[in-house]
Amino acid sequence: QVQLVESGGGLVQAGGSLRLSCAASGRTFSTYVMGWFRQAPGKEREIVTGINWSGGTTYYADSVKGRFTISRDNAKNTVYLQMNSLKPEDTAVYYCAAGRGPGISARPIRYDYWGQGTQVTVSS
């Protein structure tokens, strides 16, 4: 069992930055693929980025490439999402998720554990 708790969301102006954190419980965190998803009102949940167990492989949605960076610290059981050059269209609830893999999947069904979400609002 893995419990995930996100933090770091908030309100920011367009062009600004935020750093989200996702703290995980459990001793097997380092074995999980981790993903960040987001869901805007009236839209489906979509993948933003993912990272494999070692941090050696990452995936980014085209919409965030060059602006967002995912990283993980297995010693701290934490995954991070650094978001720069934020745009109003990045406004959504952001969720972290843990999956057993193999590989990073863009499909939410491939992830077994989810956090409660944190709101990110980007004003224009």
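Residues numbered from 1 in each chain as written. Predicted model: local features only at pLDDT ≥ 70, side-chain atom pairs only at ≥ 80, totals over all residues. Heavy atoms only, no water.

A.B. asks: Just checking my understanding: could you explain the packing of aromatic side chains for this structure?
C.D. replies: Counted under the stated rule, the structure contains five aromatic pairs. Ring plane angle 75° and centroid distance 6.0 Å describe the contact between Tyr-32 and Tyr-113, whose orientation is recorded as edge-to-face. Taken together, the residues span a long stretch of sequence, with Tyr-32 in the loop between β3 (18–24) and β4 (33–39) and Tyr-113 in strand β10 (residues 113–114) at a distance of 81 residues. Take Tyr-32 and Tyr-113: they sit in the same class, and that class is buried. Relative to Trp-114, the ring of Phe-37 has its centre 5.0 Å away and its plane inclined at 55°; by these criteria the two rings are tilted. Here the residue Phe-37 occupies a position in strand β4, and Trp-114 occupies one in strand β10, the gap between them amounting to 77 residues. Aromatic ring contacts, followed pair by pair, group Phe-37, Tyr-95, Tyr-111 and Trp-114 into a single cluster. Lying over the aromatic face of Tyr-80, Arg-19 brings its terminal NZ or CZ to 4.1 Å of the ring centre. (Phe/Tyr/Trp six-rings, centres within 6.5 Å; stacked < 30°, edge-to-face > 60°. Helix = DSSP H or I, 4+ residues; strand = E, 2+ residues; numbered from the N terminus. Buried < 20%, exposed > 50% of the residue type's maximum accessible area, 1.4 Å probe, protein only. Lys NZ or Arg CZ within 6 Å of the ring centre and 35° of its normal.)

A.B. asks: Mind showing me how you'd approach the pattern of salt bridges here?
C.D. replies: Opposite charge on two side chains lets them pair, provided their charged atoms get close. Across all of its chains, the model carries five salt bridges by this definition. Measuring nitrogen to oxygen at the nearest pair gives 2.9 Å for the salt bridge that ties Asp-90 to Arg-38. One end of the pair, Asp-90, is in the loop between β8 (78–83) and β9 (92–99); the other, Arg-38, is in strand β4, with 52 residues separating them in the sequence. When its relative accessible area of 6% is taken as the criterion, Arg-38 is described as buried. Among the ionic pairs, Arg-67 bridges to Asp-90, the shortest N-O distance being 2.7 Å. One end of the pair, Arg-67, is in the loop between β6 (58–60) and β7 (68–73); the other, Asp-90, is in the loop between β8 and β9, with 23 residues separating them in the sequence. The burial state of Arg-67 is the same as that of Asp-90; both residues are buried. Taken together, the salt bridges that share partners define one network made up of Arg-38, Glu-46, Arg-67 and Asp-90. (Salt bridge = Lys/Arg side-chain N within 4 Å of Asp/Glu carboxyl O.)

A.B. asks: Help me out: how do you make sense of the nonpolar core in this one?
C.D. replies: When a protein is soluble and globular, its nonpolar side chains tend to lie buried together. Leu-4, Met-34, Trp-36, Met-83 and Tyr-94 are the most contacted members of the largest nonpolar core, which has 30 residues in total. Of all the secondary structure elements, the ones that give two or more residues to this core are β3, β4, β5 (46–51), β7, β8, β9 and β11 (118–123). With residues near it in sequence (within four places) discarded, Tyr-94 still touches Glu-6, Leu-20, Trp-36, Phe-37, Arg-38, Val-48, Phe-68, Leu-81, Met-83, Gly-117, Thr-118 and Val-120. If you look at the next biggest cluster of nonpolar residues, it comprises five residues, including Val-33, Phe-37, Ile-47 and Ala-97. (Core = buried A, V, L, I, M, F, W, Y, C linked by side-chain atoms within 4.5 Å. Contact = heavy atoms within 4.5 Å.)

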